[in-house]
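# Remarks on the overall topology
For reference, the chains in residue letters:
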Amino acid sequence: MATMAESTTPEGISFGSTFYEGNSDLSTTESTSRPGPSVEDISRSLQRFNWPDYVVFVLMLFSCMVIGVFFGVKDHQKHKRQKNARRGSEALDYLVGGRKMQIIPVAVSLVASWISGISLLGTSTEIYVYGVQYCYIICAVVLMGLCMNFIFLPVFHDLQITSAYEYLQMRFDKRMRLVGSILFTLASILWLPIVIYVPALAFNQVSGVNIHVITPIVCLVCIFYTSLGGLKAVVWTDVIQTAIMVGAMIIVIIKGTSDVGGLSVVIERNSAGGRFEPPDFNFDPTARNTFWTLLIGGTFFWTSTNAINQNMMQRYLSLPSLASARKALVLFLVGTTTLLGMCCYNGLLIFAMYHDCDPLTTGLAKAKDQLVPLLVMEVLGDYPGLAGLFVAGIFSAALSSLSTALNSLSAIVLEDFCKPFVSRPLTETQTRYIMRFTVLAFGALAVVMVVIVEKMGAVLQLSMSLGPVTLGPLFGLFVMGFFFPRINGSCAIVGTATGLALMAYIVIRSQISIALKEIVFAEKPVTVEGCLYDFTPKNGTLFEAVSTPGEKSLHHVSFLYYTMIGSVVPTVVAYLCSFVLPRSKTDDIDPMLLAPFLRRFVRSPNTKANHMTEVLHEFETKDIQL
């Protein structure tokens, strides 16, 4: 029997002697008649997660807790000795490591924070299902690095802020700082449950343990070491977790390639399966992945998630100088592109392993994002501890992203939601409790929201679809601030509100259309012709796309363009408003708040320095040289 997994191809698909028409109905209740074991037997046989694997997994969690305890005790003793320490030193150490972090650990932490379980599993799944077109997003990564190096890092490091959204108060007013912080918080709430769900899905595939059992346990560990050790614990656990993650991936790639017959076999099978393809230069914005959507849309997405994302910027700001931050950026780009390449190769390896028996069609993998753990158990299941090492690597990637986000949220809550609204400065004890309660509260909320994410499909597209609802308009705020001096706070509010409404419509409407099969993405062909076990095929009906080119509307646009739309539209609206709404003398812009290449064109007002000094934290108030 042969089928395709939810294909949009209207023509007939032929594998072996079996042929299906695009609109024909394929029964999903009739089991295939093949000799040998059932798919349930195969699935149970692959769940060989034994005590050595559990030991490796628990040791990884335990090492994270030890690091958290170490830095928590170390900082506590430091503050106890420094009885005359400046107010806010607790927050300075907890949130930015005293601005004395080292380049290599921070660079590794940046890689670990970005390459979450979403990337490890989602990217490989993307290649298996849709081919190598997504690999060309590497071009967007390079452009993002240039934007970071020459535009965003110089401004943020010159200002020496802790919350990236303090910039919005300096550039606009207090309203926009609050708006930016709220948008980031909402984006994190949408993203965190996806980060937790992905490794739980992998753990379920290899061990059979329910995802709603493992997620609370792992989150408690993360909450513990993040709340206790702060940024230093987060960074150093990231170093250990990255080593585990990379080591496990290398083992799977080498052993898996050997098992299928070598690199030449991987290339041959993927070529025959249509996975290799040159860049698609189609200008259609509704096409899922083309070179232009990846280059343009990918650049906006990557830049927004690195340049103005508190999760990432907080690490750059923990370094002592701009030169150090730029070195960390270079190492981050090298590490990220290397890991992305490894994830893409993993997708090719999965297809080479299952080229004649698609595990999604047979039900051997219950979800698309269980393909990688399925490969791991196929390759490493007979070697005690190695499967546990890989699952520990996936959880390490998730823990690093989770701990980063929780630490960043504690910075946002303290700096943007608490300090501006209290009449007296917070005591060290109050600061400590606010930061740690924030970590606990958002960690618990993420666990609860896993139930919702579980119903929403492939994680890579999901994470790049939901985030831009708030991330796009938020990035738009910084684009207005960095590049358009005539836009003031009132104009920015109008533009941001427009962007939020538009993105909410596009994303919600597109998700509904995907659920109703009005939007269906063409997938690469698969076959079950070589399966040696009995199975009941999952939904084997070949879907023909309902929408035609004449019926496409705004919500059909590729999800990779979401961030671009969400940032460009608010900027355009705000710029047009600047010609309508009145301006005042307070709208004069300090050149330090603009992109470096624009500063020479703006005259510095004499009164701005005092305003900027007031915005900085009590624990590091300083005069800014203009």
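Refer to the preceding data block for the structure.
Described below are features of the structure shown in this document. From a predicted model like this one, the values you see are computed outputs, not experimental measurements.

A tally of helices and strands in the protein chain yields 22 helices and two strands. A buried classification covers 60% of the 626 residues belonging to the protein chain. Of all intrachain contacts in the protein chain linking residues separated by at least 6 positions in sequence, the fraction that spans at least 24 positions is 85%. Summing over all exposed atoms, the protein chain offers an accessible surface of approximately 24100 Å²; the carbon and sulfur share of this is 65%.

All right, on to the packing of helix α11 (residues 291-307) against helix α21 (residues 562-577) then. At a closest axis distance of 7 Å, the pairing of α11 and α21 adopts a crossing angle of 75°. Taken together, the axes of α11 and α21 lie roughly perpendicular to each other. Residues Ile296, Phe300, Phe301 and Ser304 of α11 touch α21, and the partners they reach there are Thr563, Met564, Ser567 and Val568. Of the residues that constitute the contact of α11 with α21, the class distribution is five nonpolar, three polar and no charged.

One pass over the full model with this rule turns up six salt bridges. The residue arginine 177 makes a salt bridge to aspartate 416 at a minimum N-O spacing of 2.6 Å. A residue pair is termed long-range when its members are at least 10 positions apart, and arginine 177 in helix α8 (residues 174-207) and aspartate 416 in helix α16 (residues 386-418) qualify at 239 residues. Residue glutamate 277 is joined to lysine 524 by a salt bridge in which the shortest nitrogen-to-oxygen separation is 3.1 Å. Here the residue glutamate 277 occupies a position in the loop between α10 (263-272) and α11, and lysine 524 occupies one in the loop between α20 (489-515) and α21, the gap between them amounting to 247 residues.

Time to look at a nonpolar patch on the surface. Taken together, the side chains of Val494, Tyr575, Phe579, Val580 and Leu581 present a nonpolar region at the surface, about 440 Å² in accessible area. By the secondary structure assignment, valine 580 is in the loop between α21 and α22 (608-615). Assessed through its relative accessible area of 67%, valine 580 is described here as exposed.

We now examine the packing of aromatic side chains. Using the criterion set out here, one finds 19 aromatic pairs in the structure. Ring centres of tyrosine 167 and phenylalanine 482 lie 4.9 Å apart, and the angle between their planes is 35°; this geometry places the pair in the tilted category. Within this pair, whereas tyrosine 167 is found in helix α7 (residues 166-171), its partner phenylalanine 482 is found in helix α19 (residues 468-483), the two being separated by 315 residues in sequence. We classify tyrosine 167 as buried; its relative accessible area is 0%.

What follows is about the packing of α19 against α20. α20 packs onto α19 with a crossing angle of 155° between their chain directions and a minimal axis gap of 8 Å. The angle between the axes of α19 and α20 places the two elements in the roughly antiparallel class. For the element pair α19 and α20, the recorded crossing hand is right-handed. From α19, Pro468, Val469, Thr470, Pro473, Leu477 and Met480 reach across to α20, where they touch Ala492, Thr496, Gly499, Leu500, Met503, Ala504 and Val507. When its residues are assigned to classes, the contact of α19 with α20 shows ten nonpolar, three polar and no charged.

Criteria and cut-off values
Residues numbered from 1 in each chain as written. Predicted model: local features only at pLDDT ≥ 70, side-chain atom pairs only at ≥ 80, totals over all residues. Heavy atoms only, no water. Helix = DSSP H or I, 4+ residues; strand = E, 2+ residues; numbered from the N terminus. Buried < 20%, exposed > 50% of the residue type's maximum accessible area, 1.4 Å probe, protein only. Contact = heavy atoms within 4.5 Å. Areas by Shrake-Rupley, 256 points an atom, 1.4 Å probe, with all protein chains shown as cover. Axes fitted to C-alpha atoms, helices over the stretch in contact; angles between N-to-C directions. Parallel < 35°, antiparallel > 145°, perpendicular 65-115°, else oblique. Nonpolar A, V, L, I, M, F, W, Y, C, P; charged D, E, K, R; others polar. Salt bridge = Lys/Arg side-chain N within 4 Å of Asp/Glu carboxyl O. Patch = residues over 30% accessible without salt bridge, like charges linked within 9 Å, V, L, I, M, F, W, Y side chains within 5 Å. Phe/Tyr/Trp six-rings, centres within 6.5 Å; stacked < 30°, edge-to-face > 60°. Left-handed = near helix turned anticlockwise from the far one by under 90°.

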